[in-house]
Amino acid sequence: MSTERGLEHIHSKGTFFEPGIKGGRVNRGEAKLIVQKVIKHALSNKGKTLGVVAFSQSQAKIINDYLEQELRINHNPEAEKFLFEMHENERFFVKNLENVQGDERDVIIISVGYGYQESGRFTYKFGPINQEGGERRLNVLFSRAKEKCIVYSNFRGDELDLTRTDSYGVKVLKSY
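Small disclaimer: the values here were computed from a predicted structure and weren't measured.

Viewed as axis vectors pointing N to C, helix α1 (residues 28-44) and helix α3 (residues 77-84) meet at an angle of 95°, and their least axial separation amounts to 8 Å. As the angle between them shows, α1 and α3 are arranged roughly perpendicular. Within the contact between the two elements, α1 uses V38, I39, H41, A42 and L43 and α3 uses E78, A79, F82 and L83. Each residue belonging to the contact of α1 with α3 can be placed in one class, and the counts come to seven nonpolar, one polar and one charged.

Here's what the structure looks like:
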């Protein structure tokens, strides 16, 4: 079976959601893994357009920050060309869930960000997914990938306990 198409879940075990002001409501470890994946894609899949979507603005920002840091530290003209130039009228992007409508790419990487904290506590707050209509945001998100969707989260779907939430969006996320 080809791994170039379809849905892939990458369990970013060992990364943690930081819910407080100090952490900025981000998952830094997951953001770093995604930056590595973006660079790898830029170097080995030049023919495939790419976008990254985070569930929250703060997660999208930390991914962007780490990507800029990576490019400053490890100057790579080939990766920079892929990331900053137009490709088939589509440029690479990192956006949050609320701003992705209308943007399609061959490959979409999703950063859930939320989930397990370092203390072992699981956060059932998934930003806009928890709100009324959150399932529609997910449906829009899941349809952004033309060929492949890669979802990063520090939990597996079977770890979501639906008795702990009334959110239909979380139920859709679990089934996805």
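Let's shift gears to α1. Its 17 residues place the ends of α1 24 Å apart at the C-alpha level, agreeing with the 24 Å of an ideal helix rising 1.5 Å per residue. Turning to α1, its buried residues number three or more, namely E30, A31, I34, V35, V38, I39, H41 and A42.

For strand β5 (residues 145-153), a buried count of seven out of nine residues is recorded, marking the element as mostly surrounded by other parts of the structure. Strand direction decides the pairing type here: strand β4 (residues 105-111) and β5, joined by six bridges, are parallel. By the bridge assignment for β5, V107 is matched with K148. Between β4 and its parallel partner β5, the chain crosses via helix α4 (residues 134-142), and the hand of that crossover is right-handed.

So, how was this worked out
- Residues numbered from 1 in each chain as written.
- Predicted model: local features only at pLDDT ≥ 70, side-chain atom pairs only at ≥ 80, totals over all residues.
- Heavy atoms only, no water.
- Axes fitted to C-alpha atoms, helices over the stretch in contact; angles between N-to-C directions.
- Helix = DSSP H or I, 4+ residues; strand = E, 2+ residues; numbered from the N terminus.
- Parallel < 35°, antiparallel > 145°, perpendicular 65-115°, else oblique.
- Contact = heavy atoms within 4.5 Å.
- Nonpolar A, V, L, I, M, F, W, Y, C, P; charged D, E, K, R; others polar.
- Expected span 1.5 Å × (residues − 1).
- Buried < 20%, exposed > 50% of the residue type's maximum accessible area, 1.4 Å probe, protein only.
- Pairing = 2+ DSSP bridges.
- Right-handed = clockwise from strand over helix to strand, strands pointing away.

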